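Below are the chains, spelled out letter by letter.
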Amino acid sequence: MPAAGDELIAHLLRRAGLGAGAADLAAFGGLSYGEAVDRLVNYEGLPDDVDAQIGKPGYLGTTSRGPFSPDTVADDGRQRWLFRMVHSERPLQERMTLFWHNYFATGLSKVSTGIKAENGTRLMVAKASEDPAKQRGQIEMLRDNALGSVRDLLVAVAQDPAMLRWLDGDTNTKAKPQENFGRELMELFSRGVGFYTEDDVYAAARVFTGWNLKVTGGAQSPDASFAFAYNANQHESTAKTFSFPIYPNGSRTIPARAASAGMQDGLDLITALASHQETARRLAGKLYAFFVSETMPPDAAFIDELAAVYLKNGTVMKPVLAYLFNSPQFQDPSVFFTRYAWPAEFVVRALKETGWTGFSAGTALTPLVNMGQQLLEPPNVAGWALGQSWFSTGAMLARMNFASALASNQKFNLASAAAPWKGSPQMVVDYVLSRLTPADVSGDIYADLVAYAGAGVTWTGSTAQLQAKAPGLAHLVLGSAEYQFV
Amino acid sequence: MASITRRAFVKNGVAAFTVSLAAPAFLSDLARAQGATQRNLVVLDLSGGNDGLSFLVPYTDSFYYSRRPALAVPAGTVLQIGSDASGKALGLHPKLAGLKDIFNQGRLALIQRAGYQNSSRSHFTGTDIWSAADPVNSQGPGWVGRYLSTLGALDPLAAWNTTGDTPHALEDAGVGVASIPNVATYAFQSPNTGAEAARERAAASSIASHVPVDRPHLAFVSASVQAAMVTLDRVASAGAYRPTVTYPANGFGQALQAVAGAMAQDLGTKVFYVQTGGFDTHASQDTTSDNGAYVRLMTTLNDGLSAFYGDVRNQGLLGDTLLLSFSEFGRRISENGSKGTDHGAASVMLAMGGGVRGGIFGTAASLNPDPQNPTLENNGADVRYETDFRAVYAKVIDNWLGGDSTAVLGGSFKASGIDFV
């Protein structure tokens, strides 16, 4: 049995990381809990060259039609992200990128409407180095800002070309202010429902008039580029009054200013929204559900503490997360395995813990759609429905069937890894459980697993038996309710 | 023909007997006579906020044209279906020819200006309100879920959801919902084959049957596995269904085909849930060009519903079928600067089926932007509701499902003047 400290680090890796594969166990083995948190949170010093390993032996594979082109082909971009989640030495950065992808949920299909598909994909996932105009895609932008200032992140989001297409900011003009972004900025990206008025929506729409998109190279050209551009001619320059304070002196009104200086309106509004108590508490609640528990409601005082750390640090996330991981609430064993795994998390953890040699990230793409989480295509701007909503019968079957596909693919690796435990069916079950680390299984379930391992065979521990039972057990464990929690 | 049982009939499909879209009437009658007495409800979610004014066009209202210079559907192109009780002439969007046929057969009802007071402009709150049938406490259980609860213990196929996530409208404690986005992949796979695969399947069922009493979240997921396991074979039988018409190859068409399959195979499902999205037309709504956004939405809707209507009619199931649509809100009357429309208020609902008393219900708004115009709200910006959407639900619960709408909806919303079913 692992020591309590190891269990705590395993919990940390399931939450702040994406599960514990062999590389994670090597990197974190021997670290104290505090050192492990430090390694996860202060990742800037760790290598970020993970993409360079794509295609090399020993890593998760990829599959593409034609040359692998992760900046212009959406499914290749998705595979690159899955690859990063499995192999990155900065798992918290990937985890938070996924958090923000859900928080600022932007759908590729609308971003791509009316332009070349490759351009839409670039707007979502290209690295700056891959884009003709050196414009980084939205996911790269989220990754760069994963643990940074939320105020700066909101500005980057408001000026992100994919977001400008997604919430129609590119058509927000003086004559007809467009409400879509202004509404969601307050409803979903900051204060939350109930903390703004319809008049605030109209005012916010006017604030962002002229925050448009500049297209160069012709929208229909395969190497068109799309960049944020403030268009003073389209800015509505009168004063805008809100129901909440905009400035530290309590003023609720963004003053009338010359259109040439009107971009400051949006910066003022975002700066205000980012540091509102309502925003801080809403974000703290989201972080609690993401990192601590979805089944045990947060203590109001803990949410206040997280919100206070966020505000005290000028909306920077890193100290908030360090505080959260070091909190007694996070380390309490009663919150272990009380977070419903998102499909992408389930897939990545299953790959890390089961193995990937000879497996392609491409094989996970359709299953992820069936599980209800196609990366880059959240259902709407509110993101995916989380928690129990992931577990419809069809989505659960998709998880079980991905487990089957992975176990089948890893049949020989699993059988040879289990060989030292071939002495009895029970020993093989113990091995598979210790490798895959589901939540504690009850005695009844354990008995079912042992019964299955011994069913239909006179146990000899032969290679043939291990090649049937080890993947069979891996399938059953990965497809069990106990494995769907992190 | 007397020896053909309903089940054998269904197994081979009416398609085996007929190659044309419309089955000969005697076949439909035969199928009806041979069973098919299970009334069902298909809830259709037009997600994103359907623009009722482009769907059902008040083509003689001059304000419609003045307030929508880029977006109005030209009067000459609408499919005229007559006038409502207020004398307002109305026409369906030109791509809704199939729906017009169904309207002409008296099997399509259009309920104008359905909504509620102080309509939410949030997609999410709006959807919750329509799903919970409660504008005040929108986080409560779903109205369909509550109806199903009144029927007592149900098997997981009592509600068949064709989308990935369980929709709020179907949710209620104790009501299991099978979510079947794709009938073909709704199957148990195994890394092994033959007897070994069968042992795994048995083990998976047994594992899921142990409900951990002290860990309700685990119990919830176990219940989902269990529900999946016990529904596999029946869903597969729906997958084997051979429709009598060709459904559109898009997700909406395929979902409707699965619904028809489940009905024809007599799987006992009482409520189906189907969704088609993309109605959040803030920009480039384009109601007229061949490839215009709203034109594509109407084509998808029309082609899917026409195929479904024809298929269930051919299967003799039309008399058991009621489809009811909703959308979280309508859209603003005046177009915006992006040639689109922003979130609005009341909109039109449609009900379709063999038991439907077709026609136009309720009255259209006058689109005169005068702030005093009583058919509008928000200073003339939005269509004001006339029929409480819960009155429509009440009609369906009481008159179609045979339930008690007062109990299900937590109050009486019975209303006169909307006798569409």
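Model, not experiment: these values are computed from the prediction.

The next subject is the overall build of chain A. From N to C terminus, chain A includes 24 helices and 4 strands. A globule of 486 residues ought to have a C-alpha radius of gyration of about 23 Å, and chain A, at 24 Å, matches this closely. In terms of its C-alpha atoms, chain A occupies a principal-axis envelope of roughly 85 × 55 × 40 Å. For chain A, with 486 residues in total, the buried portion stands at 52%. Nonlocal contacts in chain A, meaning residues at least 24 apart in sequence, comprise 71% of its contacts between residues at least 6 apart.

The next point concerns the overall build of chain B. Along its length, chain B carries 13 helices and 14 strands. Over its C-alpha trace chain B gives a radius of gyration of 22 Å, about what one expects of a compact globule, namely 22 Å for 421 residues. Along the longest, intermediate and shortest principal axes, the C-alpha atoms of chain B span 75 × 55 × 40 Å. Within the span of chain B, comprising 421 residues, buried residues form 59% of the whole. For chain B, restricting intrachain contacts to residue pairs at least 6 apart in sequence, the fraction spanning at least 24 positions comes to 70%.

On to the pairing of strand 4 (residues 89-92) of chain B. Put simply, side chains in a regular strand alternate between the two faces of the sheet. Sheet topology places strand 2 (residues 56-57) of chain B next to strand 4 of chain B; 2 bridges connect them, and they run antiparallel. Along strand 4 of chain B, the bridge assignment pairs Leu 56 of chain B with Leu 92 of chain B.

Taken domain by domain, chain A holds domain 1 (149-293 + 295-335) and domain 2 (343-484). Computed from C-alpha coordinates alone, the two centres of domain 1 of chain A and domain 2 of chain A are separated by 40 Å.

Quick look at the interface of chain A and chain B now. Taken together, the contact between chain A and chain B spans 51 residues of the former and 48 residues of the latter. Counting only elements with at least two residues in the side of chain A that touches chain B, the list comes to helix 11 (179-187), helix 20 (393-409), helix 23 (443-454) and helix 24 (463-478) of chain A. The dominant element in the side of chain A that touches chain B, judged by the number of residues it contributes, is helix 20 of chain A, at 10 residues. In the side of chain A that touches chain B, the residues fall into 18 nonpolar, 24 polar and 9 charged.

What follows covers the confidence of the model for chain B. Atom-level detail of predicted coordinates should not be read off regions where pLDDT is low. Residues and elements named next belong to chain B. On average, chain B scores 89 in pLDDT, and the residues at 70 or more come to 91%. Confidence drops under a pLDDT of 50 for residues 1-36, and excluding neighbours within four residues, the segment shows 46 contacts in the predicted structure. As scored by the predictor, the complex reaches a pTM of 0.82 and an ipTM of 0.94.

This paragraph deals with unusual backbone geometry. Residues other than glycine seldom take positive phi values, yet Phe 337 of chain A does so here, at roughly 55 degrees. Take Phe 337 of chain A: it is sitting in the loop between helix 17 (328-331) and helix 18 (343-354). Even without glycine at this site, Asp 286 of chain B takes up a positive phi of about 35 degrees.

This part takes up the nonpolar core. The biggest cluster of nonpolar side chains holds 264 residues, and the ones touching the most others in it are Leu 473 of chain A together with Ile 111, Val 259 and Ala 351 of chain B. Here this core takes 11 residues from helix 11 (residues 293-314) of chain B, the largest share from any one element. A domain split of this core shows at least three residues from each of domain 1 (149-293 + 295-335) and domain 2 (343-484) of chain A. Setting aside its immediate chain neighbours within four residues, Leu 473 of chain A contacts Val 428, Val 429, Val 432, Leu 449 and Ala 453 of chain A.

Our focus in this paragraph is the sheet that holds strand 4 of chain B. All names here are of chain B. The strand order across the open sheet formed by 3 strands is 2-4-3, and the pairing between neighbours is antiparallel. Whereas interior strands pair on both sides, the edge strands pair on one side only; in this sheet they are strand 2 and strand 3 (79-83). Direction of pairing for strand 3 relative to strand 4: antiparallel, over a ladder of 4 bridges. Following the sheet pairing, Gln 80 is matched in strand 4 by Gly 91.

Residues of helix 16 (residues 317-325) of chain A that are buried include every one of Met 317, Val 320, Leu 321, Leu 324 and Phe 325 of chain A, and no others. Around the axis of helix 16 of chain A, the buried residues are gathered within 125 degrees of arc, so they sit on the same side.

To continue, consider the environment of Pro 135 of chain B. Relative to the helices and strands, Pro 135 of chain B is located in the loop between helix 6 (123-132) and helix 7 (143-150). Taking the C-alpha atoms as reference, Pro 135 of chain B lies 28 Å from Phe 252 of chain B; in sequence the two are 117 residues apart.

Moving on: the packing of helix 5 (residues 97-104) of chain B against helix 11 of chain B. All names here are of chain B. Where helix 5 meets helix 11, the axes come as close as 8 Å, and the angle between the chain directions of the two elements is 40 degrees. Classified by the angle their axes make, helix 5 and helix 11 are oblique. For the pair helix 5 and helix 11, the contacting residues are Ala 97, Gly 98, Leu 99 and Ile 102 in the first and Asn 302, Asp 303, Leu 305, Ser 306 and Tyr 309 in the second.

With that settled, the discussion passes to helix 14 (residues 277-292) of chain A. Helical periodicity: at 3.6 residues per turn, an α-helix aligns residues three or four positions apart in one direction. Taking 1.5 Å as the rise per residue, helix 14 of chain A with 16 residues should run 22 Å; its terminal C-alpha atoms sit 21 Å apart, in good agreement. Of the positions making up helix 14 of chain A, those classed as buried are Thr 279, Ala 280, Arg 281, Arg 282, Leu 283, Ala 284, Leu 287, Tyr 288, Phe 290, Phe 291 and Val 292 of chain A.

All names here are of chain A. If you trace the backbone, Thr 238 turns up in the loop between strand 2 (225-230) and strand 3 (240-241). Overall, Thr 238 belongs to the exposed group, with 9 C-beta atoms counted inside 10 Å. Spatially, the C-alpha atom of Thr 238 lies 7.2 Å from that of Pro 255, the residues being 17 residues apart in sequence.

Next up on the list: the packing of helix 15 (residues 300-312) of chain A against helix 16 of chain A. Residue and element names in this part refer to chain A. Contact geometry of helix 15 with helix 16 gives a least axis separation of 8 Å together with a crossing angle of 150 degrees. Looking at the two axes, helix 15 sits roughly antiparallel to helix 16. Note on packing geometry: the crossing formed by helix 15 with helix 16 is right-handed. Seen from helix 15, the contacting residues are Leu 306, Val 309 and Tyr 310; seen from helix 16, they are Pro 319, Val 320, Tyr 323 and Leu 324.

The rules behind the values
Residues numbered from 1 in each chain as written. Chains lettered and ligands numbered in written order. Predicted model: local features only at pLDDT ≥ 70, side-chain atom pairs only at ≥ 80, totals over all residues. Helix = DSSP H or I, 4+ residues; strand = E, 2+ residues; numbered from the N terminus. Rg over C-alpha atoms; globule rule 2.2 N^0.38 Å. Buried ≥ 20, exposed ≤ 12 C-beta atoms within 10 Å, placed from the backbone. Contact = placed C-beta atoms within 7 Å. Pairing = 2+ DSSP bridges. Domains from an automatic or database assignment. Nonpolar A, V, L, I, M, F, W, Y, C, P; charged D, E, K, R; others polar. pLDDT = per-residue confidence, 0-100. Core = buried A, V, L, I, M, F, W, Y, C linked by C-beta atoms within 7 Å. Arc of directions from axis to C-beta. Axes fitted to C-alpha atoms, helices over the stretch in contact; angles between N-to-C directions. Parallel < 35°, antiparallel > 145°, perpendicular 65-115°, else oblique. Expected span 1.5 Å × (residues − 1). Left-handed = near helix turned anticlockwise from the far one by under 90°.

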